[in-house]
Amino acid sequence: MLAVHHKLIENGAASLKNGVPSVNNGQDARSTRDELFCGTGILPVHQKLIENGAASLKNGAASVKNGQDARSTRDELFGGTGILPVHQKLIENGATSLKNGAASVKNGQDARSTRDELFCGTGMLAVHQKLMENGATSLKNGAASVNNGQDARSTRDELFGGTGMLAEVRGAQLSPRESPSLKSSHNKDFTSLLKTPATIAAQAEIPEAVNSNARQLGGTLQISQAGNAEGVYVADVKIRFVNSRGEAVDKKGNPVEGRISEDFIRGEIKLKAGDNYSREVVRSDLQQLQQLGLFEKVTVSIEEVGTDVNVIYNVQERSARSFSVSASLSDDVGVAVPLSYTDRTFGTTPQRLAVELQPSLRGIQYDVQFVSPYVAAEDRLGYSVRAFGDRRISEIFNKDIDLPNGNRVREIRMGGNLRFTRPLGDWQSTLGLNYTNISTRDRNLNIARRDELGNPLTFSGSGVDELYTVSFGALLDRRDNPFNPTSGSILSLSTEQSIPLGRGNIVSNRLLANYIHYVPVTLFGISESEALPEMLAFNLQAGTVIGDLPPTEAFRLGGRNSVRGYDSGDIGSGRSYFLASGEYRFPVGQDVGGVIFVDFASDLGTGDSVLGKPAVVRDKPGTGAGVGVGVRVRSSFGLIRLDVGVSDSGDIKFILGTKQRF
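Since this is a predicted model, take the numbers as computed values, not measurements.

Definitions and cut-offs
- Residues numbered from 1 in each chain as written.
- Predicted model: local features only at pLDDT ≥ 70, side-chain atom pairs only at ≥ 80, totals over all residues.
- Heavy atoms only, no water.
- Helix = DSSP H or I, 4+ residues; strand = E, 2+ residues; numbered from the N terminus.
- Buried < 20%, exposed > 50% of the residue type's maximum accessible area, 1.4 Å probe, protein only.
- Contact = heavy atoms within 4.5 Å.
- Areas by Shrake-Rupley, 256 points an atom, 1.4 Å probe, with all protein chains shown as cover.
- Core = buried A, V, L, I, M, F, W, Y, C linked by side-chain atoms within 4.5 Å.
- Pairing = 2+ DSSP bridges.
- Expected span 1.5 Å × (residues − 1).
- Polar contact = N/O pair within 3.5 Å; in protein donor to acceptor, adjacent residues only side chain to side chain.
- Salt bridge = Lys/Arg side-chain N within 4 Å of Asp/Glu carboxyl O.

K.L.:
How do you make sense of the overall build of the chain when you look at a structure like this?
P.N.:
Summing up its helical and strand segments, the chain has 15 helices and 25 strands in all. The burial tally for the chain puts 44% of its 662 residues in the buried class. The long-range share in the chain, meaning contacts at least 24 apart out of those at least 6 apart in sequence, stands at 62%. Summed over its atoms, the accessible surface of the chain is roughly 32200 Å², and 55% of this surface lies on carbon and sulfur atoms.

Structure (structure tokens):
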């Protein structure tokens, strides 16, 4: 301790002790305080002490030179307590003398009220509060002078416990009326971080606060705008399970428990404690979690810890098993009863089995698939095995040209595939071995070779074509959040080469490209919606077939996933195609959104290059456009969409389905 500080303590303590007992004869504590402290709550001697002490502390801390270890320096200056002995002594002497002085207040004044008047209900003189504030400031400035390359982060953490403030001072600022069990938490989503980057709003870790944090859609719009979070030191990475309402606790305040182990999820994400926050890494993590097929939704939020952050992955699991049954009516099979079962506990995590059956009076359709996705923690190759059998009225051979017996043409597809998946840099790649048997038949499943005009229905001419192919696809996902994208893009490219085996000996190569882009906007200042935000969405598609082309494999244009306002295949069927769609999406309410859309498609004049010229003989235009409006509704069954499309020829079509168009 400096001799000057020792003398200051003795003089200051003596003057304070002598001054307080002179409050006699029932003088009002408040007026006495004002007379003693000039209405400021601080003695002039203390004011001088504050100024001298702050200056000497700043100069003393600045003299820590030549790379001395921050911890030992702190211990030498502060006695290992995080507070200068001078301030500790002042506090002790001041508290003792103040206690004695308060006891001398005569005429039955209540000690509690006197204390409250003297100390403003805090139990501490303003002088001491001021000493602490100045001491913390000067210490912070002094720490900055530690020279010779010491790391700022480690120095701060050793001196201030990672808070930028002495632990003793931080504790002294709490009111005696605050519950000591109250847990402080600084939770923010990325939007709040952007708006108030310097603000830390303390709140209790209670169910409402946790739920609010879990509901934040950090990882969508917020991640794309969280420039202030980029590069921030990550103190911890947390996994938080949430329910379908985005709540991390139930009504009783108990945390939502997950079926999937946190260790497994941690193994699948790249962001680790000790890293610097990166939007690119978080986006990559969300893509990996999405491709596992285990989660309905994942969002990301942050929790401030001093100048660092904790990153929280809010995970909504899909059910372990699901079963559904419905009924449908079609022109082809009449009444059918679709059944669906998915088991996400089949095999080991995250493997799953999905079975879809559609029995009817005219047979049974099926689609059975086992999926073992790529596991990042083990760098384990992903794979899937699928078998299918499908029946539908042809969208190529329609438009009132039927079979010679008057039946409409049915396409029966049966086959299977084996596919392998793994990332290649930023791309997700898929290699597939595929087999498809395609036959054209009448209502009673009798083989049909030609239509009523004598045009062939299959490449082989036998009514059956077989395709053995090897496919390769690559996907580059730049969306902010694949579970609910609001910005970014996704590009997929694929090629499928047929091998001349089986009926038809078909040799061809199919090339496809698909690009989707999302742009967040506020065109009309519509209020934000977490699930259905305002944005522009664009989709461009193109494809072509080189070599042999079975008529049933031509690109069909028009319909719910093409140009709305047309029935499926009514624009054309060609060897090549181009499709463009644009949507303006906007929120109407919390769970309701609206869409204004425009679609355009063209077969690029290739309709007459398809065997039998099915589009030409059926007088399909080859090019078409549609505009319309739609409604999106969030429900317990997922997103429901209703679109009304008007074609360029004036036809109106209604489309009811699930999920966004793209």
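K.L.:
What is the right way to read the nonpolar core from this model?
P.N.:
Most often, soluble globular proteins have nonpolar side chains that are buried together. Counting 27 residues, the largest nonpolar core has Ile265, Leu289, Phe295, Val298, Val311 and Tyr313 as the members making the most contacts within it. Beyond its immediate sequence surroundings of up to four residues, Leu289 is in contact with Ile265, Glu268, Ile269, Phe295, Val298, Tyr313 and Phe483. Membership of the second largest hydrophobic core comes to 18 residues, among which are Leu403, Ala448, Leu549 and Leu557.

K.L.:
Where do I start with the pairing of strand E13 (residues 410–424) in this structure?
P.N.:
Regular strands show a simple pattern: their side chains alternate between the two faces of the sheet. Taken together, the 12 bridges between strand E12 (residues 382–393) and E13 define a ladder with antiparallel strand orientation. Opposite Phe388, over in E13, you have Gly415 as the bridge partner. The pairing of E13 with strand E14 (residues 427–441) spans 15 bridges and is antiparallel. Bridge pairing in E14 places Ile412 opposite Ser439. Between E13 and E14, which pair antiparallel one after the other, the connecting turn spans two residues, and Gly425 there sits at a positive phi close to 65°.

K.L.:
It is not clear to me how helix H14 (residues 279–291) should be interpreted in this structure. Could you clarify?
P.N.:
Because an α-helix completes one turn every 3.6 residues, residues spaced three or four positions apart along the sequence face the same direction. Counted at 1.5 Å a residue, the expected span for H14 with its 13 residues is 18 Å, and the 19 Å between its end C-alpha atoms agrees. When we look at burial in H14, the residues that qualify are Val282, Arg283, Asp285, Leu286, Gln287, Gln288 and Leu289. Between a side-chain oxygen at the N-terminus of H14 and the backbone nitrogen of Glu280 the separation is 3.3 Å; the capping residue is Ser278. Just beyond H14, the residue with positive phi is Gly293, at close to 75°.

K.L.:
Looking at this structure, I do not really get the pattern of salt bridges. What am I missing?
P.N.:
Pairing between side chains of opposite charge can happen when the charged atoms of each approach one another. For the structure on display, the rule yields 30 salt bridges. The residue Arg279 makes a salt bridge to Glu230 at a minimum N-O spacing of 3.3 Å. With a gap of 49 residues between them, Arg279 in helix H14 and Glu230 in the loop between helix H12 (221–225) and strand E3 (234–241) connect regions that are remote in the sequence. A salt bridge links Lys238 to Glu303; its shortest N-O distance comes to 2.8 Å. Separated by 65 residues along the polypeptide, Lys238 in strand E3 and Glu303 in strand E4 (residues 295–305) bring together distant segments of the chain. The class of Lys238 is partly exposed, set by a relative accessible area of 26%. Through salt bridges with shared partners, a single ionic network connects Arg564, Glu583, Arg585, Asp599, Arg632, Arg641 and Asp643.

Geometry only, nothing functional implied.
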